[in-house]
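Listed here are the chains, written in short residue letters.
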Amino acid sequence: MKTGSTDAKHDVERQRQQWDRVAAGWEKWWRTIEDGAQHVNDRLIDLADVAPGKRVLDIATGIGEPALSVARRVGPAGRVVATDISKQMLDIARIRASTSGLTNIAFIEADAERLDFPDHSFDAIFCRWGITSLPDHPNLLVKIERMLTPNGSFATSVWDEASRLPLTSITITVAQEVFHSAPPRPEPPPEAPQDPLEGVMARAGFTDVRTEKLTVALEFASTEAFTQYLVDVSPVVAALLSDQSPMRQAEYQHRLVQEFRRYAATDGSFRIRNVCICAVGRK
Ligand SMILES: C[S@@+](CC[C@H](N)C(=O)[O-])C[C@H]1O[C@@H](n2cnc3c(N)ncnc32)[C@H](O)[C@@H]1O
């Protein structure tokens, strides 16, 4: 019988593999993602009131956001530590930082729930689209609050409940149809938090907690391009396809295109508009 901690280790390892698998896809689609999402970085940095010279932590940075944006804001006198569980994501983030001439970021491979920086290490902490997929995020928020300097800020964004378009369930339904099997449990859950984030943050000890909504619009030339994007960047879809033959994978993709086509614009392009909630709280 497995112990709880063996199960937890197994889950973390599975998360790492799933995200490693899609890292190249995030790089491939980065322009599309950031055309729709750079304003979220900018807003989070403003909400946390980050000034030059500050020390900042970015948790679950992926291929480097908001770490790179905040590194520009804090300037050469500031320091950013960017962490993620996926080595493949971090390798791309490092290249992006060095291509941008940023030398004030350190990248560390680490499970968010096992971060152990000393108390009062950072003036601001960020996490864009990562916090609520962590099973024990209420406890992580308590740790984050401790790692902040007095009056430091934590700013995060999560997907709004209303963003759950039928698109996610279509990816699962089509998989059941094509692969004739129950799909694996989607990890990380593409879910909004069960509890409103403000409440969880307030219970973790944050004060002055505020939230606001922002729209993230992603634009694709065609339904085929959108489907390819999903196959490339979604850890859920990547997990669904991981042990299928190339023929089955092609069939799956073809069926997705057929299903998604009804959501395309009349000129054939495909646009998704998701709403995210940005939250900020102070120590
Ligand atoms: C949706 S991506 C967001 C990446 C980036 N913050 C952005 O907004 O572009 C989620 C990220 O969380 C990371 N992640 C998942 N589980 C994690 C964990 N337990 N600890 C640290 N990072 C984790 C993944 O590797 C992935 O890079």
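Each remark here, short or long, concerns the structure printed above.
First things first, this report covers the structure right here in the doc. These figures come from a predicted structure and were not determined experimentally.

Analysis parameters
Residues numbered from 1 in each chain as written. Predicted model: local features only at pLDDT ≥ 70, side-chain atom pairs only at ≥ 80, totals over all residues. Heavy atoms only, no water. 1 Å grid on protein atoms, 1.4 Å probe; cavity = no way out; pocket = protein on both sides within 12 Å on 5 of 7 lines; lining within 4 Å. Points joined across faces, edges and corners; volume = space filled by probe spheres on them. Helix = DSSP H or I, 4+ residues; strand = E, 2+ residues; numbered from the N terminus. Nonpolar A, V, L, I, M, F, W, Y, C, P; charged D, E, K, R; others polar. Pairing = 2+ DSSP bridges. Axes fitted to C-alpha atoms, helices over the stretch in contact; angles between N-to-C directions. Near = heavy atom within 4 Å. Polar contact = N/O pair within 3.5 Å; in protein donor to acceptor, adjacent residues only side chain to side chain. Areas by Shrake-Rupley, 256 points an atom, 1.4 Å probe, with all protein chains shown as cover.

**Structural notes on the layout of surface pockets**
Quantified by volume, the second largest pocket comes out at close to 150 Å³. What lines the second largest pocket is A48, D49, V50, K54, D123, A124, T149, P150, N151, G152, S153 and R282. Of all elements in the fold, only β4 (122-128) and β5 (148-159) reach the threshold of two or more residues within the lining of the second largest pocket. Residue classes in the lining of the second largest pocket are distributed as 4 nonpolar, 4 polar and 4 charged.

**A short note on the sheet that holds strand β6 (residues 207-220)**
What the 7 strands build is an open sheet, ordered β3-β2-β1-β4-β5-β7-β6; its pairing is mixed. Taken across any chain shown, the strands that pair with only one partner, and hence form the sheet edges, are β3 (105-109) and β6. Each adjacent strand pair in this sheet contributes to an overall mean axis angle of 15°, direction not counted. Across 5 bridges, strand β1 (residues 55-59) lies against strand β2 (residues 79-84) in parallel orientation. Across the sheet, the residue bridging to I59 is T83, located in β2.

**Some remarks on the site of the ligand**
In the neighbourhood of the ligand, 18 residues make up the surrounding shell, with A60, D84, D111, A112 and R128 lying closest. One of the side-chain nitrogen or oxygen atoms of D84 is found 2.6 Å away from an oxygen atom of the ligand. Interatomic distance of 2.8 Å between a backbone N/O atom of A112 and a nitrogen atom of the ligand. Here the ligand loses 95% of its free accessible area of 600 Å² to cover by the protein chains. Along the lines of polarity and charge, the residues of the shell around the ligand split into 10 nonpolar, 4 polar and 4 charged.

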